[in-house]
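What follows is the residue order along each chain.
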Amino acid sequence: MEWILGAAGAFCFVYFVVCGLYAGFGASFLGLWPVLGVFLTIWALSMHQVKAGHVLIHLPRGLKIAISGVLLLGVLVFAVMEILIASQMFAAGEENLDYLIVLGAQVRGDTVSVALEARLESAKAYLEENPDTQAILSGGQGSGENLTEAKAMYEWLTERGIDGNRLILEEASTSTWENLTFSRELIGSTDVSVGIVTNNFHVYRGTMLARCAGFTQVSGIAAESHTVMQLHFLVREGLALAKDLVRYRML
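Worth saying up front: this structure is predicted, and the values here are computed from it rather than measured.

Undergrad: When you look at a nonpolar patch on the surface in this model, what are you seeing that I'm missing?
TA: Together, Leu36, Phe39, Trp43, Leu63, Ile67 and Leu71 line one region of the surface with nonpolar side chains, adding up to about 480 Å² of accessible area. Every element with two or more residues in the nonpolar patch is listed here: helix H2 (32–51) and helix H3 (61–86). Locating Phe39 in the fold gives a position in helix H2.

Undergrad: Whenever I open this one, helix H4 (residues 114–129) confuses me. Can you help?
TA: Counting along an α-helix, one turn takes 3.6 residues, and residues three or four places apart therefore face a common direction. Between its terminal C-alpha atoms H4 stretches 23 Å, which fits the 22 Å expected from 16 residues at 1.5 Å a residue. For H4, the set of buried residues is Leu116, Ala118, Arg119, Leu120, Ser122, Ala123, Lys124, Tyr126 and Leu127.

Undergrad: Even after reading the chapter, I still don't get unusual backbone geometry, so can you show me in this structure?
TA: Backbone geometry follows two general trends: most residues other than glycine have a negative phi, and most peptide bonds adopt the trans configuration. Notably, Phe29 is not glycine yet its phi reads approximately 65 degrees, a positive angle. Here Phe29 is to be found in the loop between helix H1 (2–23) and H2. Residue class for Phe29 comes out exposed when judged on its relative accessible area of 55%. Even without a glycine there, the phi angle at Asn96 is positive, about 55 degrees. Mapping Asn96 onto the fold places it in the loop between H3 and strand E1 (99–103).

Undergrad: I keep staring at the packing of H3 against helix H8 (residues 230–247) and nothing clicks. Help me out?
TA: Packed helices, taken two at a time, are described by the angle between their axes plus the distance between the axes. Running from amino to carboxyl end, H3 crosses H8 at an angle of 100 degrees, the nearest separation of the two axes being 9 Å. The angle between H3 and H8 falls in the class roughly perpendicular. Contacts from Phe78, Met81, Glu82, Leu84 and Ile85 in H3 reach Leu234, Val235, Glu237, Gly238, Leu239, Leu241, Ala242 and Leu245 in H8. Residue composition of the contact of H3 with H8, grouped by class: ten nonpolar, one polar and two charged.

Undergrad: How should the layout of surface pockets be read in this particular structure?
TA: Quantified by volume, the largest pocket comes out at close to 1300 Å³. Those elements giving two or more residues to the lining of the largest pocket turn out to be H1, H4, helix H6 (176–187), helix H7 (203–212) and H8. Of the residues in the lining of the largest pocket, the class split is 16 nonpolar, 19 polar and eleven charged.

Undergrad: Which parts of the structure should I look at to understand the nonpolar core?
TA: A general feature of soluble globular proteins is that nonpolar side chains tend to end up buried together. Counting 23 residues, the largest nonpolar core has Leu100, Val102, Leu116, Leu120, Leu137, Leu157 and Leu167 as the members making the most contacts within it. Mapped by element, the contributors of at least two residues to this core are E1, H4, strand E4 (134–138) and helix H5 (149–159). Residues in contact with Leu116, not counting those within four places in the same chain, are Leu103, Gly104, Ala105, Gln106, Val107 and Met153. In this structure, Leu5, Leu40, Ala44 and Phe233 belong to the second largest nonpolar core, which totals 20 residues.

Undergrad: What should I look at first to understand the sheet that holds strand E7 (residues 217–223) in this one?
TA: Backbone hydrogen bonds hold the strands of a sheet together, and the pairing may be parallel or antiparallel. Ordered in space as E5-E4-E1-E6-E7, the five strands form an open sheet in which the pairing is parallel. Both outer strands of the open sheet, strand E5 (167–170) and E7, are each paired with one neighbouring strand and no more. Strand after strand, the sheet turns through a mean of 25 degrees between neighbouring axes, direction not considered. One ladder, built from five bridges, connects E1 with E4; its direction is parallel. What sits directly across from Val102, in E4, is Leu137. Sheet contacts for H7: strand E6 (193–199) and E7; angle to E7, the most-contacted strand, approximately 160 degrees.

Each value, and the rule that gives it
- Residues numbered from 1 in each chain as written.
- Predicted model: local features only at pLDDT ≥ 70, side-chain atom pairs only at ≥ 80, totals over all residues.
- Heavy atoms only, no water.
- Patch = residues over 30% accessible without salt bridge, like charges linked within 9 Å, V, L, I, M, F, W, Y side chains within 5 Å.
- Areas by Shrake-Rupley, 256 points an atom, 1.4 Å probe, with all protein chains shown as cover.
- Salt bridge = Lys/Arg side-chain N within 4 Å of Asp/Glu carboxyl O.
- Helix = DSSP H or I, 4+ residues; strand = E, 2+ residues; numbered from the N terminus.
- Expected span 1.5 Å × (residues − 1).
- Buried < 20%, exposed > 50% of the residue type's maximum accessible area, 1.4 Å probe, protein only.
- Axes fitted to C-alpha atoms, helices over the stretch in contact; angles between N-to-C directions.
- Parallel < 35°, antiparallel > 145°, perpendicular 65-115°, else oblique.
- Contact = heavy atoms within 4.5 Å.
- Nonpolar A, V, L, I, M, F, W, Y, C, P; charged D, E, K, R; others polar.
- 1 Å grid on protein atoms, 1.4 Å probe; cavity = no way out; pocket = protein on both sides within 12 Å on 5 of 7 lines; lining within 4 Å.
- Points joined across faces, edges and corners; volume = space filled by probe spheres on them.
- Core = buried A, V, L, I, M, F, W, Y, C linked by side-chain atoms within 4.5 Å.
- Pairing = 2+ DSSP bridges.

What follows is the structure, given as structure tokens:
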């Protein structure tokens, strides 16, 4: 078992470096990997010491059982979160929805990021196949962005043939929850069918938050995600989903 833990710890360090070189070491929550690597390495060394008969700290049996139980519970909860996320990673949405809500993502200067472009590709394909559907482009302006994410999405879609009259800009939101609640205010009703367009790892949480925001007819439309960063996004999303399940009482 200690060899498995040690190998997992080494993988965490290597993956941290790979992701850092690929996306930049400032990527959101990337520091989780070296922290996890240290934890797994210490756990592996501790198990090795116990097997060798060198126990540095003697813990009461009850405390050992309690610690093991907490760790096991954490693993089980995290596994459930990942199963929920995976259940919507290939969602294609229903036909002829009233609205798409395209969730914003980073814009670098005037250029949409790879993640946002993937969302726009999926939105474009859906709008071409469903000519009566309108789209809410949702996203404000953040650091390093020369225009709002909504405006960048509008320019990307209209340059590729989507009629601007079908596109509604929501330019104030700074989070997924605001994306959805501000879009709801623009639509003026929750009794409409909506498709949440976002990257595959984010679809489950996006659709659940849409229901929390009051929408009654919700489906997800999954866009592609970075292959290299996919594992990182899944782990990060699992933690975010657990937080939101408590915060918005989505269960």
